[in-house]
Amino acid sequence: MSEKTTLQASDLDDLDEAPVWTAEDFANAVHRVGLKPVGKKLKINITLDPDVVAWYKAKAGGRGYQTLMNATLREAMRGFDIAETLRKVIREERHSA
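So, here's what we can say about the structure. (Residues numbered from 1 in each chain as written. Predicted model: local features only at pLDDT ≥ 70, side-chain atom pairs only at ≥ 80, totals over all residues. Heavy atoms only, no water.)

1. Focus on the layout of surface pockets
What counts, and what does not: Buriedness of a pocket was judged along seven lines, with at least five required to meet protein on both sides within 12 Å; pockets are open sets of points on a 1 Å grid over the protein atoms alone, cavities are sets where a 1.4 Å probe fits but cannot get out, and lining residues have an atom within 4 Å of a point. Grid points are joined across faces, edges and corners, and a volume is the space filled by probe spheres set on the points. Going along the chain from the N terminus, every DSSP run of H or I of four or more residues is numbered as a helix, and every run of E of two or more is numbered as a strand.
Volume-wise, the largest pocket comes out at about 840 Å³. If you trace the largest pocket, you find 21 residues lining it, with Leu42, Ile44, Gln66, Met69 and Asn70 closest to the centre. Sorting the residues of the lining of the largest pocket by element identifies α3 (50–60) and α4 (65–96) as the ones contributing at least two each. Per-element accounting of the lining of the largest pocket gives the leading share, 9 residues, to α4.

2. Digging into the packing of aromatic side chains
Each pair of aromatic rings is reported with the distance of its centres and the angle of its planes. Stated precisely, the cut-off is as follows: Centre distance within 6.5 Å is the pairing criterion for rings of Phe, Tyr and Trp, where only the six-membered ring of Trp is used; planes under 30 degrees apart are then read as stacked, over 60 as edge-to-face, and the remainder as tilted. We call a residue buried when its accessible area falls under 20% of the maximum for its residue type, exposed when it is over 50%, and partly exposed in between, using a 1.4 Å probe and counting protein chains only. Lysine and arginine charges are scored as sitting over a ring when NZ or CZ, respectively, is within 6 Å of the ring centre and within 35 degrees of the ring normal.
By the definition in use, this model includes 2 aromatic pairs. Relative to Phe26, the ring of Trp21 lies with its centre 4.9 Å away and its plane at 45°, an arrangement referred to as tilted. When its relative accessible area of 56% is taken as the criterion, Phe26 is described as exposed. Where Trp55 meets Tyr56, the ring centres are 5.0 Å apart and the plane angle is 85°; that geometry is what we call edge-to-face. Relative accessible area serves as the criterion here: at 47%, Trp55 is assigned to the partly exposed category. Here the guanidinium or amino end of Lys57 rests over the ring plane of Tyr65, the centre of that ring lying 5.1 Å away.

Read these as geometric descriptors, not functional statements.
Dropping the structure here:
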């Protein structure tokens, strides 16, 4: 004996307690992953060899290849930092010996 209740659009508006977001609210919003704020990405133009782009597109399945490129560049940055740190430590060790 359940009776279906139908709400009119005007009834739904009365139930909505969420504030209306303004353009200023969106401009001040901070994108977060977990609790850490994530900076906005920088849009650039870059010229790459067609085979490089094709390889990344194939690896990413067509979508998200730019994200894959970004991750590769980030890993290269981390590797460079580690390599530079190792070189510095080895130089200091050789100099002190």
